[in-house]
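Spelled out, the chains give:
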Amino acid sequence: MGAERERDDAAERGTIVTPSAELPPLGPEERAALGRIGERWREPRDPDELPVDPTLGRSGRPPRPTRFGRLVPIEMFNVGEPDELVATEPAHLPGSQTGRLLTRARRTLFGPPLSSASVLYERMRKLVALPVLSSDLLSSVAYGPEAMLSVLVLAGTGALGLSLPLAALLVVLMIAVGLSYRQTIPAYPHGAGSYIVAGDNLGRIPGLAAAAGLMLDYVLTVSVSVAAGVHAVTSALPGLAPVTVPLGVLVIALLLAGNLRGVRTAGNLFVLPTYAFVVAVLALLVVGYARAAGRGFAPVSPPPVPAAEGLGLLLVLRAFSSGAVSMTGIEAVSNAVPAFRPTEWRNARTTLGWMVAMLVALFAGLVGLIHLDGLVPRPGETVLSQLGRETFPTGPWYAFLQATTALILLLAANTAFNDFPRLLFFMARDGHAPRRFLHMGDRLAFSNGLVALSLAAGLVFVVFRGNTASLIPLYAVGVFLAFTLSQSGMVVHWRRHRGPGWRRRLALNAVGATLSGLVLLTAAVAKFSEGAWVVVVAVPLLVLLFRRIHRHYATLHQALALHPPAPAPPGPAGSAEGEELPQEVRHLVVVPVARLNRASLRALAYAASLGQPTLAVHIAPEEAEADRFREQWQAWGDHLRLETIVSPYRAVIGPLAHYLEALHTTRPELTLTVIVPEVVLRRRWHRPLHSRVEQRLRAALRALPGVVVTSVPVHLAE
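Criteria and thresholds
Residues numbered from 1 in each chain as written. Predicted model: local features only at pLDDT ≥ 70, side-chain atom pairs only at ≥ 80, totals over all residues. Heavy atoms only, no water. Helix = DSSP H or I, 4+ residues; strand = E, 2+ residues; numbered from the N terminus. Contact = heavy atoms within 4.5 Å. Areas by Shrake-Rupley, 256 points an atom, 1.4 Å probe, with all protein chains shown as cover. Axes fitted to C-alpha atoms, helices over the stretch in contact; angles between N-to-C directions. Left-handed = near helix turned anticlockwise from the far one by under 90°. Nonpolar A, V, L, I, M, F, W, Y, C, P; charged D, E, K, R; others polar. Buried < 20%, exposed > 50% of the residue type's maximum accessible area, 1.4 Å probe, protein only. Pairing = 2+ DSSP bridges. Expected span 1.5 Å × (residues − 1). Core = buried A, V, L, I, M, F, W, Y, C linked by side-chain atoms within 4.5 Å. pLDDT = per-residue confidence, 0-100. Salt bridge = Lys/Arg side-chain N within 4 Å of Asp/Glu carboxyl O. Patch = residues over 30% accessible without salt bridge, like charges linked within 9 Å, V, L, I, M, F, W, Y side chains within 5 Å. Lys, Arg positive; Asp, Glu negative; His and termini not counted. Charge placed at Lys NZ, Arg CZ, Asp CG, Glu CD. Phe/Tyr/Trp six-rings, centres within 6.5 Å; stacked < 30°, edge-to-face > 60°. Lys NZ or Arg CZ within 6 Å of the ring centre and 35° of its normal.

Some thoughts on the overall build of the chain
Looking only at helices and strands, the chain features 25 helices and 7 strands. Across the chain, every contact between residues at least 6 apart in sequence was considered, and the portion connecting residues at least 24 apart equals 79%. Here the chain displays about 35900 Å² of accessible surface, and carbon together with sulfur accounts for 62% of that area.

Written out as structure tokens, the structure reads:
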């Protein structure tokens, strides 16, 4: 029981989103090892004896103006707790004028930086979270019914009558999955993405498969939402059709800019369009059904459409899976529980309930009204646009409907912008994604994840040229894979944690898992040749990639983890990179010298001041130059040991790197500190005038084990 409790506590801590996630604390074993290493640490001098006051507070005079503040002194640091300094906002400005201009432009566009303490205030209340997280779910009713009808109409006009029973089955699926996720939220109150639920209950591979499905879903959410929104615009303004792709890319860039401003700011931007869309569709349904009631709810006969395919089970299943895209985004709330204000799980569950109720009402109402008005999909105009023209033949309501539809479709991608970076955050915490996705930007948004999503979605949008019909077949497989694994994971969760009413909860999640699994199989089989094969192939490839990333981080952790120091064995010492105590480090300082000038003499003086054995190395292209350099060395006084290497093929970097490697092989316990003299150029256009041998040398030596590379800079006056 205690081990199970510890595992649950660790899992709970692993889902908390904080700016400190980039610097995880040491585990108990490493803390114990750190203490044992410290007991054997022998510092050659008192660590408090420093030539400068590190607190910057007892010197008696303020710092003089520097290049960071040329006119007046700027307090870069404030004194916080004892032995702690707090960097102020001016301390974050770069030193160069160009860098400061770029920083000011970025802050003008995205807003001033937010302190880490503001992370609690960047959360959303329910009235804001509802439109932000439901925009994807509610906007899908603008193209979900049409996607279902577009498949049915292939069998002719007579097959359109199946839209009502299929819509009824989809409503049952929506309610079942929605109730299942309502149970998931309190069970995982710190963020219950399918990745966490499936990984915690089914194992690592199912969790990674769910993550891969969700990642594909989020990328396609942005692409499909933007494509559908642009299509709504071009339906009302056909003259914009030739610029579909540039319009879509511009929208993705604007969404990225809005989300880089932070969660709360982005949420406030997207509240009004979502509520306006709901009002417009509800008005459409009220007026449409009132008109239908005037004729006794008699359905209008649809225009005759010749059958292109026979009506069979496969076509019906394809239509059902196409209509199921109306459910994309239903998992968004369970992924974003930490983004709510306290009490997080309760507010998230209430929001999800309202979302599912609105989805069912809008989806069922639209399918029924389309059937009553006898509308069929046709190229160049969406079914919702046709319905708006029929319902509002005069007045501004049609324009309002199309405008709000376009806005919510374009902004529906914001759901993915909320959840995709958070998913990458959790994966990076577990070592399955690059650790750069743990970083919060200066507006407390996961900037790297936002940029990655924008690039991937923009690429997909451009490749498919913004064609909604081509993108939708890719859509259902990934999202329903995540649905199925998440709900199956909850079934296992209830079997493990048998609390009050666990059988009822298990049965509800089992129904959701079964229905989601059926849609997954249907979409994968029925739409395989239409493009679903891309997702079927991409998921295992992504899982393989995640495992390779995790293997790399596991190897890195094993190499860098702290271990109790072992007693020194008799005989030759081991590798220099295994030394963790100052008394065990054996130095050899090496200074490459090309010519005797101010830069090289300063590097030699710095090396000699360290009080360690020092060796100077000169690479000569021929014997005559080697003799000439040795004469200059004697004239200087021959204060340090010099080794000259003749390189008859005039290479410098290679011979020096191999020479140092040979030295290290001869005495692997030595730490070779290579001190490179470097001339620092102030102007960028001066760089092509120099060979930059110093940088090439640093790059070559960095790969050698047991070698420390540092530089002694000499700054030019102009």
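Structural notes on the packing of helix 13 (residues 344-373) against helix 14 (residues 383-391)
Relative to each other, helix 13 and helix 14 sit at 65°, their axes nearing to 11 Å. In the packing of helix 13 onto helix 14, the handedness of the crossing is left-handed. Residue-level inspection shows Leu366, Leu369, Ile370 and Asp373 of helix 13 in contact with helix 14, the latter providing Val383, Leu384, Leu387, Glu390 and Thr391. Counted by class, the contact of helix 13 with helix 14 contains 6 nonpolar, 1 polar and 2 charged residues.

A short note on the pairing of strand 6 (residues 670-680)
Strand residues, when the strand is regular, have side chains that alternate between the two faces of the sheet. Burial runs high along strand 6: 9 of the 11 residues are buried. Where strand 6 and strand 7 (residues 707-715) come together, 9 bridges link them in parallel fashion. Its bridge partner being in strand 7, Val679 is matched across the sheet by Val714.

A short note on helix 8 (residues 204-236)
With 33 residues, helix 8 extends 48 Å between its outermost C-alpha atoms, agreeing within 8% with the 48 Å of an ideal straight helix rising 1.5 Å per residue. Taking burial as the measure, the 33 residues of helix 8 include 27 buried ones, the bulk of the element.

Notes on the nonpolar core
Grouped together as the largest cluster of nonpolar side chains are 150 residues, with contacts concentrated most on Val222, Val226, Met427 and Phe480. Those residues within four positions of Phe480 in sequence are excluded, and the remaining contacts are Leu173, Ala324, Met327, Ser516, Val519 and Leu520.

Thoughts on the side chain of Ser385
Mapped onto the fold, Ser385 is located in helix 14. Among the residues examined, Ser385 registers a relative accessible area of 0% and is labelled buried. Setting aside anything within four residues of it in sequence, one finds Ser385 in contact with Tyr398 and Gln402.

Brief notes about the confidence of the model for the chain
Per-residue pLDDT for the chain has a mean of 79; in total, 80% of the residues score no lower than 70. Scored below 50 in pLDDT, residues 1-15 shows 12 contacts in the model against residues more than four places distant or in partner chains. Predicted confidence is poor over residues 68-74, with pLDDT under 50, and the contacts of this stretch with residues over four places away or in other chains come to 11 contacts.

With respect to the pattern of salt bridges
Taken as a whole and assessed by the stated rule, the structure comprises 6 salt bridges. A salt bridge links Arg630 to Asp627; its shortest N-O distance comes to 2.5 Å. Of this pair, Arg630 and Asp627 both sit in helix 23 (residues 623-636), 3 residues apart, which is roughly one turn of that helix. Under the relative-accessibility criterion, Asp627 is labelled partly exposed at 36%. Measuring nitrogen to oxygen at the nearest pair gives 2.3 Å for the salt bridge that ties Glu669 to Arg667.

Considering a positive patch on the surface
Where like charges cluster on the molecular surface, the positive patch consists of Arg204, Arg547, Arg548 and Arg551. Counting residues per element, the positive patch draws most heavily on helix 21 (residues 528-560), which supplies 3 residues. Mapped onto the fold, Arg547 is located in helix 21.

Comments concerning the packing of aromatic side chains
Within the structure shown, the criterion is met by 9 aromatic pairs. Ring centres of Tyr181 and Phe483 lie 5.8 Å apart, and the angle between their planes is 70°; this geometry places the pair in the edge-to-face category. Of the two residues, Tyr181 is situated in helix 6 (residues 163-187) and Phe483 in helix 19 (residues 475-496); the sequence distance between them amounts to 302 residues. Here Tyr181 falls in the buried class, since its relative accessible area comes to 0%. Ring centres of Trp397 and Phe400 lie 5.5 Å apart, and the angle between their planes is 90°; this geometry places the pair in the edge-to-face category. Linking Trp397 with Phe400, this pair stays in helix 15 (residues 397-411), spanning 3 residues, or about one helical turn. A connected cluster of aromatic rings, assembled from ring pairs, spans Tyr181, Phe480 and Phe483. It is Arg505 that lies over the ring of Trp494; its NZ or CZ is 5.5 Å from the centre.

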